[in-house]
Amino acid sequence: MILHLYIARRFLRALGIVTAVFVAILLPIDMAEQLRRIGPELGLGPVFELAMLNLPRKLYEMIPLFVLLATLLLFLGLARSSELVVIRASGRSALRAVASPMLVAASFGAMAVAVLNPIVATTSQQYDMKTAQYRGAEERTVLVTAEGLWLRQGSETEQTVIRAGATNADGTHLFDVSFFQFAPDGTITGRINAAEARLTEGSWALRDARQWTLANTPNPEANVTVTAEYALPSTLTRDQIRDSFGKPETVPIYQLPGFIGQLNQAGFAALQHRVWLQMELSSPLMLAAMVLIAAGLSMRHTRSGKTGSMVLAAILLGFSLFFLRSFAQVLGENGQLPIAIVAWTPPLAAILLAVGLILHTEDG
């Protein structure tokens, strides 16, 4: 137990060193990027604020890389000081030697999902809102609640809020829909109810529409207009509706199942959010796989040579696993692969491959 705690402590120290180095590298780079995006007119205060809000998301995405590099740093240090030789000479197998950093990495992954994920989701939401505020853009176009789907479209003369009871997969065909029209000063000017609304180029094509004029009208019901077909001008596009749902990483993992349920109730498949949820749940296995990959190629004495080649091979294997997982995620979001296979197969396959490599090295 003392030996396991010693290796785990060394691993945590290496993980802290790697993280601190990347923070020192990423923060100035991100500040320069934010300065380019919002311009120098606002000063360095907003630039630093945006960089700090964006930093947790960047670090969270790079946790597998941090674990891989920390494992290499750990076992290369143990090999250089001959501690690894002593550990192996005491009767410890290679798998038992790597057990403590693997458990620490898996525990860190579980803690990241439970604690860091909500923090990253909150800072990502604030980052998107602040960026839109500083750039003078609209913060959000689409909102999904228990009452249905809400959209917003605007022009220089009016704002329109749209509520739909149901929709198709991309939000361009609405059912049981209401349009609330507002003047620039915020007063409501009109309302339109329709059985269906289909988004076309530059307008909503309404079916069975009932239109009320609410501005300066004592009895709006007396002037109601009923039309079988009606075209309402629109500034929305299919891409704007799709992009306004935001990224799934902006939703805390504890709220994600409920949000997915709301999307399904509104008529959306929510594949992107469902894949992201499973990917988050499988992240502890991903970090354990990174530890095993790095350990399998660095648990050898430095006098045996080829240390640089082994380190490079470990980094390439780690990046290959990360790329394979990202590629599988894209396939899952497009519905071409089952979600369980996308999220759980790459880390499990990497663990089995790394364990086989460690056993082969030990027998050799």
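Bear in mind the structure is a predicted one, so any value in this text is a computation, not a measurement.

A. Spotlight on unusual backbone geometry. Positive phi, close to 50°, is recorded for D176, a residue that is not glycine. A positive phi angle is found at D208, which is not glycine, with a value near 55°. Residue position: D208 is located in strand β6 (residues 203-213).

B. A look at the pattern of salt bridges. Considering all chains together, one arrives at 5 salt bridges under this definition. Across the salt bridge formed by E33 and R36, the nearest N and O atoms sit 2.5 Å from each other. One end of the pair, E33, and the other, R36, are both in helix α1 (residues 2-38), 3 residues apart, so they sit about a helical turn from each other. For R36, a relative accessible area of 61% puts it in the exposed group. Here E196 makes a salt bridge to R207, at a shortest N to O gap of 2.9 Å. Taken together, the residues span a long stretch of sequence, with E196 in strand β5 (residues 188-200) and R207 in strand β6 at a distance of 11 residues. Relative accessible area serves as the criterion here: at 33%, R207 is assigned to the partly exposed category. Through salt bridges with shared partners, one network takes in E196, R207 and D208.

C. Quick look at the environment of M279. Mapped onto the elements of the fold, M279 is located in helix α9 (residues 271-281). Its relative accessible area of 5% is what places M279 among the buried residues. For the pair formed by M279 and S326, sequence separation is 47 residues and the distance between their alpha carbons is 9.8 Å.

D. Layout of helix α10 (residues 283-298). Compared with an ideal rise of 1.5 Å per residue, which puts 16 residues at 22 Å, α10 spans 23 Å between its outermost C-alpha atoms and is within 8% of the ideal. Burial of α10 is extensive: 15 of the 16 residues sit out of reach of the surface.

E. Quick look at the side chain of Q181. For Q181, the location among the structural elements is in strand β4 (residues 173-182). Accessibility expressed as a relative area gives 10% for Q181, which makes it buried. When neighbours within four sequence positions are excluded, Q181 is seen to be in contact with E158, Q159, T160, T187, I188, T189, G190, R191, I192 and L232.

What counts, and at which threshold
Residues numbered from 1 in each chain as written. Predicted model: local features only at pLDDT ≥ 70, side-chain atom pairs only at ≥ 80, totals over all residues. Heavy atoms only, no water. Helix = DSSP H or I, 4+ residues; strand = E, 2+ residues; numbered from the N terminus. Salt bridge = Lys/Arg side-chain N within 4 Å of Asp/Glu carboxyl O. Buried < 20%, exposed > 50% of the residue type's maximum accessible area, 1.4 Å probe, protein only. Expected span 1.5 Å × (residues − 1). Contact = heavy atoms within 4.5 Å.

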